[in-house]
Amino acid sequence: YDALDIGSMSLLPLGRIAAKIHAENQLWIAIAATSPDIFLLNATELAGFVCALITSESLRLRSSTECSCVPSEKILRCLESLEPAWEKLIELQLTNGISQTPFMDARLAGLAEQWASGASWPSIK
């Protein structure tokens, strides 16, 4: 990825964004945050999208955790558009001895989207 100029060892724009982020995988969040597709999301969809990128970090979801709130098609398409970058980053990180893979999981994205739209917790259950 174009995050670092190898010759000068200076950060490029993507690297500067990643340096400002505090997450389990800053480069992954920077890649997702600069994806052109996120600019097509409204505020509630953006909440669901971000949830899909960070929820595992904060809740340590088990693989069996499910949610009945389904995210919108726009969120799912946006996440799907990131899959090639996600796969490339996983490959690069594994090649360089980084075993912790970037996270992307849409299971709670619909819940975050509905909450951000103003739905009450009792109505979301």
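Before any of the text, the structure's been laid out above.
Residues numbered from 1 in each chain as written. Predicted model: local features only at pLDDT ≥ 70, side-chain atom pairs only at ≥ 80, totals over all residues. Heavy atoms only, no water.

Caption draft 1: Inspection of the environment of Arg16 at higher detail. Within the element layout of this structure, Arg16 appears in helix α1 (residues 13–20). You can call Arg16 partly exposed: its relative accessible area is 45%. Placed 33 residues apart in sequence, Arg16 and Phe49 show a C-alpha to C-alpha distance of 22 Å. (Helix = DSSP H or I, 4+ residues; strand = E, 2+ residues; numbered from the N terminus. Buried < 20%, exposed > 50% of the residue type's maximum accessible area, 1.4 Å probe, protein only.)

Caption draft 2: Structural view of the packing of α1 against helix α2 (residues 26–33). Viewed as axis vectors pointing N to C, α1 and α2 meet at an angle of 120°, and their least axial separation amounts to 8 Å. What the angle tells us is that α1 and α2 run oblique. Considering how the two elements wind past one another, α1 and α2 form a crossing that is right-handed. Residue-level inspection shows Leu14, Ile17 and Ala18 of α1 in contact with α2, the latter providing Gln26, Leu27, Ala30 and Ile31. Here the contact of α1 with α2 is composed, by residue class, of six nonpolar, one polar and no charged. (Axes fitted to C-alpha atoms, helices over the stretch in contact; angles between N-to-C directions. Parallel < 35°, antiparallel > 145°, perpendicular 65-115°, else oblique. Left-handed = near helix turned anticlockwise from the far one by under 90°. Contact = heavy atoms within 4.5 Å. Nonpolar A, V, L, I, M, F, W, Y, C, P; charged D, E, K, R; others polar.)

Caption draft 3: Structural detail: the layout of surface pockets. Looking at the largest pocket, its volume works out to about 170 Å³. Every residue along the wall of the largest pocket is listed here: Tyr1, Leu27, Leu89, Leu92, Gln93, Asn96 and Ile98. Considering each element in turn, the lining of the largest pocket owes the most residues, three residues, to helix α4 (residues 73–95). (1 Å grid on protein atoms, 1.4 Å probe; cavity = no way out; pocket = protein on both sides within 12 Å on 5 of 7 lines; lining within 4 Å. Points joined across faces, edges and corners; volume = space filled by probe spheres on them.)

Caption draft 4: Summary view of a nonpolar patch on the surface. On the surface, Leu4, Ile6, Met9 and Leu11 cluster together to form a nonpolar patch covering roughly 400 Å² of accessible area. The topology assignment puts Ile6 in the loop between β1 (4–5) and β2 (10–11). (Patch = residues over 30% accessible without salt bridge, like charges linked within 9 Å, V, L, I, M, F, W, Y side chains within 5 Å. Areas by Shrake-Rupley, 256 points an atom, 1.4 Å probe, with all protein chains shown as cover. Salt bridge = Lys/Arg side-chain N within 4 Å of Asp/Glu carboxyl O.)

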